[in-house]
Amino acid sequence: MPRNRGSMTEAMYYVLLALCKPLHGYAIMNSVRDLSRGRVRMGPGTLYGVLTRLEKEKLIQLEEVDGRRKVYSITPAGLDALREEHRRLAAMVADGNFLGESD
Amino acid sequence: MTDGKNSRKFWWLDEWQIEETESWLSDMAVQGWHLLNAGKSFALFVQGPSKKVRYRCDIFAPRHSQYQERLELYQASGWEYIGRRGKLHIFRAPDDSSIPELHTDPVEQSYIIAGLVRRLATNCFLAIAGLAIPAVILLLFYERLLLDILVDGNTPFLMALPLYLFVMFLNFRGLILNGRLYSRLRRGRFPVRNKPYQKSVRLTKVVAVLALIVFALLFSERAITAINLFTTEPYPPVPPGPLPVVRLADIESGAELVPAILPGFDPNIVNHYKTGRSILVPRQWHLKEDVSVPGREWPSGLEYSPSLEVHGYQARSEWVARQLSQALVKIDWSKSHPERSQLNPEYSSYFDALWVKRDNHYTSFVARKGVYVFQLSYRGLEPSEELLALTEIKVQELARK
């Protein structure tokens, strides 16, 4: 899996998160913005780059073609990868919790 | 933006010069020229008010299943699709921060550039292989290659070389530029905005003009040779009087020489004199003579009939002359008589290089002095030393002119 030094890129993580519910391209962009509470505004070039790679790596799949719009959803392998990344990130946050306590 | 006047500009930037292309198009917009259509070789601009706009390029396959949906999403995000050059799609958006960049994650973008780098690396490898394989085959199996290049001017292979090298230059530069862009993106940095492109355009123009000049020179050389082949006599008669090369009248001085004629053939087929030229060897002479000398006999008692064939060359430089003389020796002699490809300075100290082979009544040599090279074959009763002495005189006369 082409990831940034073993971890997922932020864009990959949020796209997988958004695709826990089947969505088409534009809806994924909106979902990413909502999930990140407006922090992540994903450009369309980044979105399609991520979709192409995730589909090739079988972490997402084409659910249906709604007119010209394609609806994607996460695969079981994608869900495993997402959970693993979530655990890793959570552990990283937990490891740094003392930083918040000292404020 | 459609009622202004149009202007067509050649793409001096390659389609893989992404950052430079974006800068150039943005600069053109500031000057009031807005991209209307992106062709393969020319960009069409329309004149309008000066505007600060962002141009962005993205790489994706036009036949991909997501293609239409992708273009629509880009437009819905505020990016107007202008056109494409191959896989490079060009978009435009106002210089307004409410419209996000096409690529908001440099590391993600690096995966796209990695694909381009792989493609360019493959192109470079194929380009090198495409050049090296025919070159090796020619060098191994076509002995006359060097002689063809030096004497006949060029080969089609050589003629295509400048254009081929220009394409290689573009590919290698693309590989280096995109390799740098890839490293930048992997470090989490965005592509350079407003990247200077003028130097790169100048370099492309210089290399392109050089390649075209070399190609035109080689092509005209070939064209002149082809025209000459059809317009000049195949066997021009030997003119009277002294020639730049040794002739039988110089060797058999005073004797009456009666040219031989082969019945049924061109009367000059065994007695002719031609001149030629090429870029590297601008003066060339070829003399062929076959005569009989009434009243004189071979030791066997038959009528004396000497023959002579001389190729004379004046090369552009001493280095070229050296290559030419070695190629002549290698092709004509080395295979049948390897021992005869050794230098024979004992025959004459005048020449810079001399190869002589001598049998009964037969002398053949390749001699080089400075930029002059002579290849001579003589069947007759005069000694080799005499032929070399006469050639020495010819070289001195040529050098004086």
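Just so you know, the residues in each chain are numbered from 1, in the order the chain's sequence is written. Starting at A for chains and at 1 for ligands, labels are handed out in the order in which the entities are written. Since the coordinates come from a predicted model, pLDDT governs what is reported: local features require at least 70, and pairs of side-chain atoms require 80 or more to be given and counted, while whole-chain, interface and lining totals use all residues.

1. Remarks on the overall build of chain A
The criterion, for reference: Numbering goes from the N terminus for both helices and strands, where a helix is a DSSP run of H or I of at least four residues and a strand is a run of E of at least two. Any residue with 12 or fewer other C-beta atoms within 10 Å of its own C-beta is exposed, any with 20 or more is buried, and the rest are partly exposed; the C-beta atoms used are placed from the backbone.
The helix and strand tally for chain A stands at five helices and three strands. Traced from its N-terminal end to its C-terminal end, chain A shows the element sequence α-β-α-α-β-β-α-α. In terms of overall dimensions, chain A has a C-alpha envelope of 55 × 25 × 20 Å along the principal axes. For chain A, the residues scored as buried account for 33% of the 103 residues in total.

2. Observations concerning the overall build of chain B
Rules: Atoms considered for the radius of gyration are the C-alpha atoms alone. The globule rule reads 2.2 Å times the number of residues to the power 0.38. By the criterion used throughout, residues are in contact when their C-beta atoms, derived from the backbone, lie within 7 Å.
Looking only at helices and strands, chain B features nine helices and 13 strands. At 33 Å, chain B has a C-alpha radius of gyration far larger than the 21 Å of a compact globule built from 401 residues. Oriented by its inertia axes, the alpha-carbon framework of chain B measures out at about 105 × 45 × 40 Å. Taking all 401 residues of chain B together, the buried fraction comes to 30%. Nonlocal contacts in chain B, meaning residues at least 24 apart in sequence, comprise 67% of its contacts between residues at least 6 apart.

3. Points about the domain arrangement of chain B
Residues and elements named next belong to chain B. The line we're drawing: Boundary definitions for the domains trace back to an automatic or database domain assignment. As a working rule, the residues Ala, Val, Leu, Ile, Met, Phe, Trp, Tyr, Cys and Pro are called nonpolar, Asp, Glu, Lys and Arg charged, and the rest polar, with Gly in that last group.
Domain boundaries in chain B define domain 1 (6-94), domain 2 (106-231) and domain 3 (248-400). Each of domain 1 and domain 2 has a C-alpha centre, and these two points are 26 Å apart. Counting residues at the interface gives 11 residues for domain 1 and 17 residues for domain 2. Tallying contributions element by element places helix H1 (residues 18-30) first for the side of domain 1 that touches domain 2, with five residues. Looking at the side of domain 1 that touches domain 2 residue by residue, the class counts come to six nonpolar, two polar and three charged.

4. Brief notes about the sheet that holds strand E5 (residues 80-85) of chain B
Backbone-to-backbone hydrogen bonds join strands into a sheet, with any given pair of strands oriented parallel or antiparallel. All names here are of chain B. Definition in use: In short, DSSP must find at least two bridges between two strands for them to pair. Each axis is a line fitted through C-alpha atoms, and for a helix only the stretch in contact is used; angles between axes span 0 to 180 degrees, taken between their N-to-C directions.
The three strands are arranged E4-E6-E5 in an open sheet whose pairing can be described as antiparallel. Since the sheet does not close on itself, it has two edges, and those belong to strand E4 (53-59) and E5, each with one partner. Going from strand to strand, the sheet's axes swing by 25 degrees on average, the running direction of each strand aside.

5. Details of the packing of helix H1 (residues 10-18) of chain A against helix H3 (residues 44-56) of chain A
All names here are of chain A. Filter applied, for reference: Each angle gets one of four labels, with under 35 degrees taken as roughly parallel, over 145 as roughly antiparallel, 65 to 115 as roughly perpendicular, and the rest as oblique.
Across the interface, H1 lies against H3 with an axial gap of 10 Å and an inter-helix angle of 75 degrees. The orientation of H1 with respect to H3, classified from their angle, is roughly perpendicular. Together, Ala11, Met12 and Val15 of H1 and Thr46, Leu47, Val50, Leu51 and Leu54 of H3 make up the contact between the two elements. For the contact of H1 with H3, the class distribution of residues is seven nonpolar, one polar and no charged.

6. Section: the sheet that holds strand E3 (residues 42-47) of chain B
Residue and element names in this part refer to chain B. Across the sheet, which stays open at both edges, the three strands sit in the order E1-E3-E2 with antiparallel pairing between neighbours. Both outer strands of the open sheet, strand E1 (6-10) and strand E2 (33-38), are each paired with one neighbouring strand and no more. Strand-to-strand twist in this sheet, taken as the mean axis angle between neighbours without regard to direction, amounts to 35 degrees. Relative to E3, E2 runs antiparallel, the two being bridged by five bridges. Bridge pairing in E3 links His34 to Val46.

7. Things to note about the pairing of E1(B)
Residue and element names in this part refer to chain B. Summarising burial for E1: zero of the five residues are buried, a small minority. As judged from the five bridges shared by E1 and E3, these two strands associate in the antiparallel manner. What sits directly across from Phe10, in E3, is Phe42.

8. A word on the interface of chain B and chain A
How big an interface is tends to be reported as the loss of accessible area on association of its parts. Each partner contributes residues to the interface: chain B has 21 residues there, and chain A has 20 residues. If you list the elements that add at least two residues to the side of chain B that touches chain A, you get helix H2 (67-76) and helix H3 (106-141) of chain B. The greatest single-element share of the side of chain B that touches chain A, amounting to six residues, is contributed by H2(B). For the side of chain B that touches chain A, a count of residues per class yields nine nonpolar, six polar and six charged.

9. Section: the environment of B:Tyr273
Residue and element names in this part refer to chain B. Its place among the elements puts Tyr273 in strand E8 (residues 272-276). Distance from Tyr273 to Ile82, taken between C-alpha atoms, is 65 Å for residues 191 residues apart in sequence. When neighbours within four sequence positions are excluded, Tyr273 is seen to be in contact with Pro236, Val238, Pro239, Leu243 and Leu287.

10. A look at the confidence of the model for chain B
We count it as follows: Summary of the metric used: pLDDT quantifies the predictor's per-residue confidence within the range 0 to 100.
Per-residue confidence for chain B gives a mean pLDDT of 88; residues scoring 70 or more make up 94%. Overall fold confidence for the complex sits at a pTM of 0.73, while the interface term, ipTM, reaches 0.85.

11. Focus on the nonpolar core
For the record, the criterion: Nonpolar core, as used here: buried Ala, Val, Leu, Ile, Met, Phe, Trp, Tyr and Cys residues forming one set through C-beta atoms within 7 Å.
Counting 57 residues, the largest nonpolar core has A:Met12, A:Val15, A:Leu16, A:Leu19, A:Ile28 and A:Leu47 as the members making the most contacts within it. Per element, the largest residue contribution to this core is seven residues, and it comes from H1(A). If you count residues domain by domain, this core takes at least three from each of domain 1 (6-94) and domain 2 (106-231) of chain B. Residue contacts for A:Leu19: discarding those within four places in its chain leaves A:Ile28, A:Ile60, A:Tyr72, A:Ser73 and A:Ile74. B:Val238, B:Leu280, B:Val310 and B:Tyr372 belong to the second largest nonpolar core, which has 38 residues in total.

12. A look at unusual backbone geometry
Residues and elements named next belong to chain B. We note that Asn194 has phi near 55 degrees; this positive angle belongs to a residue other than glycine. By the element assignment, Asn194 lies in the loop between helix H5 (156-186) and helix H6 (198-231). Although it is not a glycine, His361 sits at a positive phi angle of roughly 60 degrees. Tracing the chain through its elements places His361 in the loop between strand E11 (353-359) and strand E12 (362-369). Under the C-beta neighbour-count criterion, His361 is labelled partly exposed, with 14 such atoms within 10 Å.

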